[in-house]
Amino acid sequence: MNANRAKMVAIPGCFAPQWCRLISQRSTLVHSMASTATLELDNVSKHYGKDVVAVRDFTQAFDPASYVCLLGPSGCGKTSTLRMIAGHETVTAGDIRLDGKRLNALPPAKRGTAMMFQSYALFPHLSVRDNVAFGLRMRGTDRVTREARAMTLLELVDMSALADRRPAQLSGGQQQRVALARALVTEPEALLLDEPLSALDPFLRVRMRGELARLQRELDITFIHVTHGQDEALALADRVVLMNDTHIEQAGTPWELFNEPRTEFVARFMGGYNILDGENGRAAVRTDRTRLSEPVGAVHARVEQIEYLGRTIDVTVKRDDGITLIASIDDTTYARHPWRPGEPVSIDWSPQEVRLLASTA
């Protein structure tokens, strides 16, 4: 909670009228934006010409006011899916519905969604206030009303003090906040975010991740967030949809995708797994459940690489059969036995830690 917000809350009986009005506007805004609409995609596909398939048979229903991350590598179809929801790409097959209303033929402004682009796409010649109010201006809202609403949104993202600046006078994080406010000004039932954190440095990315989570909870609307970052999806989402080669590989809670990968692709993409060949096919075991010990008898593996990650250390081990495995150990364990490249080692795991994988989704 910032200092100004703390002061607002601390005023007994709201003795300062200007703060009382601001609190009232903010409360009204949050209440008016809360969504009860379910977003559904039913066998949605996107083709470019006869030969290029961007999205294939995407079927999901997203609960009202949920935070959803579309996750996957470049070219898997996640941004095309987001753009079809927004109305910036046509749907080749299937249906998109919001609160039961079919969106396929509706223009972006009529869908009840708003999109925040990866580039932020702020107008350089307009002030921060006018950038945020632009959507209402296009709807014909009078100047006094749209500027008041813009200021309420800017207060929500802690940018009201910079309302008169131009985008070029803002940092990347500040531009992102303005873009968020502009997307929210039309009170969408679903906010669509195309890799909103990719342009930020790592420290600011983590900070803004928290801001996005706070805003989604406070506004109580659906966020659909495209990302290729596993940590981002795990930290933010109520539901993760992992895409691979135009289709859904696996969808579920962050816990389910990380702890219960169904295929080799999911285990490799989410990270933290060793992939094994077993009698019943491919299997996975978590690297933090993989154990190292002094070898007994013949040596069949040696330490190849040490990667210090702060709280944990990844020890890469190469076996005589050429298989490379990783053991993630905590810093206390590593301090007791600081493994070094070239050392002989035994590597194993408990049988119950092994998870069988399907060959494909």
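Analysis parameters
- Residues numbered from 1 in each chain as written.
- Predicted model: local features only at pLDDT ≥ 70, side-chain atom pairs only at ≥ 80, totals over all residues.
- Heavy atoms only, no water.
- Pairing = 2+ DSSP bridges.
- Helix = DSSP H or I, 4+ residues; strand = E, 2+ residues; numbered from the N terminus.
- Contact = heavy atoms within 4.5 Å.
- Axes fitted to C-alpha atoms, helices over the stretch in contact; angles between N-to-C directions.
- Buried < 20%, exposed > 50% of the residue type's maximum accessible area, 1.4 Å probe, protein only.
- Parallel < 35°, antiparallel > 145°, perpendicular 65-115°, else oblique.
- Left-handed = near helix turned anticlockwise from the far one by under 90°.
- Nonpolar A, V, L, I, M, F, W, Y, C, P; charged D, E, K, R; others polar.
- Polar contact = N/O pair within 3.5 Å; in protein donor to acceptor, adjacent residues only side chain to side chain.
- Core = buried A, V, L, I, M, F, W, Y, C linked by side-chain atoms within 4.5 Å.
- Expected span 1.5 Å × (residues − 1).
- 1 Å grid on protein atoms, 1.4 Å probe; cavity = no way out; pocket = protein on both sides within 12 Å on 5 of 7 lines; lining within 4 Å.
- Points joined across faces, edges and corners; volume = space filled by probe spheres on them.

Novice: So what about the sheet that holds strand β1 (residues 39-48)? Which residues, and what values?
Specialist: The strands making up a sheet associate through backbone hydrogen bonding, with each pair oriented either parallel or antiparallel. In space, the 4 strands of this open sheet follow the order β2-β1-β4-β5, with antiparallel pairing throughout. At either end of the open sheet lies a strand with only one pairing partner, and these are β2 (52-62) and β5 (101-102). Pairing of β1 with strand β4 (residues 93-98) involves 5 bridges; the strand directions are antiparallel. The partner of Leu39 across the bridge, within β4, is Leu98. Where helix α3 (residues 78-86) meets the sheet, it contacts β1, β2 and β4, and its direction lies at approximately 115° from that of β1.

Novice: Could you give me a rundown of unusual backbone geometry, with the residues and numbers involved?
Specialist: Of note, the phi angle at Asp99 is positive, near 55°, even though the residue is not glycine. Here Asp99 shows up in the loop between β4 and β5. Take Asp99: its relative accessible area is 52%, and that puts it in the exposed class. The phi dihedral of Ala121 falls on the positive side, at around 55°, and the residue is not glycine. With respect to the helices and strands, Ala121 occurs in the loop between β6 (113-116) and α4 (128-138).

Novice: Tell me about the packing of α4 against helix α5 (residues 143-156), and please be specific about residues and values.
Specialist: Between α4 and α5, whose axes approach to 8 Å, the crossing angle comes to 120°. In terms of axis orientation, α4 runs oblique to α5. Relative to α5, α4 is oriented so that their crossing is right-handed. Across the interface between the two elements, Val128, Arg129, Asp130, Val132, Ala133, Leu136 and Arg137 of α4 pack against Arg146, Glu147, Arg149, Ala150, Met151, Leu153 and Leu154 of α5. The residue makeup of the contact of α4 with α5, split by class, is 8 nonpolar, no polar and 6 charged.

Novice: For the sheet that holds strand β18 (residues 355-356), give the residues involved together with the corresponding values.
Specialist: If you trace the 3 strands from one edge of the open sheet to the other, you get β11-β12-β18, paired in antiparallel fashion. The sheet terminates laterally at β11 (273-278) and β18, the two strands that pair on one side only. Where β11 and strand β12 (residues 281-286) come together, 6 bridges link them in antiparallel fashion. Note that in β12 the partner of Asp277 across the bridge is Arg282.

Novice: Could you give an account of the side chain of Gln216, with specific residues and numbers?
Specialist: For Gln216, the location among the structural elements is in helix α7 (residues 202-219). Given the relative accessible area of 7%, Gln216 is considered buried. Side-chain polar atoms of Gln216 contact the backbone oxygen of Ile221, separated by 2.9 Å. Contacts of Gln216, omitting those with residues within four sequence positions, involve Ala65, Ser66, Tyr67, Ile221 and Phe223.

Novice: How would you summarise the nonpolar core if you had to cite specific residues and measurements?
Specialist: In this structure, Val132, Leu191, Leu212 and Phe223 are the most contacted members of the largest nonpolar core, which totals 48 residues. Once you skip the residues sitting within four places of it in the chain, Val132 turns out to touch Ala150, Leu153, Leu154, Val178, Ala181, Arg182 and Val185.

Novice: Can you break down the pairing of β12 residue by residue, with the values?
Specialist: Linking two consecutive strands that pair antiparallel, namely β11 and β12, is a turn of 2 residues. Bridge count for β12 against β18 is 2 bridges, and the pairing is antiparallel. Paired with Ala284 across the bridge in β18 is Arg355.

Novice: Describe in detail α7, supporting the description with residues and values.
Specialist: The end-to-end C-alpha distance of α7, which contains 18 residues, comes to 26 Å, matching closely the 26 Å that a straight helix rising 1.5 Å per residue would cover. Of the residues trailing α7, Asp220 is marked for its positive phi of about 60°.

Novice: Explain the layout of surface pockets to me, using residue names and the numbers behind them.
Specialist: Each pocket or cavity is described by its volume, and for the largest pocket that value is around 620 Å³. If you go around the largest pocket, you meet 25 residues; those closest to its centre are Ala114, Met115, Gly135, Arg182 and Thr186. Counting residues per element, the ones that place at least two in the lining of the largest pocket are β6, α4 and α6 (172-184). Among the elements that take part in the lining of the largest pocket, β6 stands out by supplying 4 residues, more than any other. Within the lining of the largest pocket, the residues separate by chemical class into 16 nonpolar, 5 polar and 4 charged. Taken as a whole, the second largest pocket spans an internal volume of roughly 210 Å³. Every residue along the wall of the second largest pocket is listed here: Glu195, Leu197, Ser198, Pro202, Arg205, Val206, Arg209, Thr227, His228, Gly229, Asp231 and Glu232. Secondary structure elements with two or more residues in the lining of the second largest pocket: α7 and α8 (230-236). For the lining of the second largest pocket, the element with the highest residue contribution is α7, accounting for 4 residues. Within the lining of the second largest pocket, the residues separate by chemical class into 3 nonpolar, 4 polar and 5 charged.

This is a description of form; function is not addressed.
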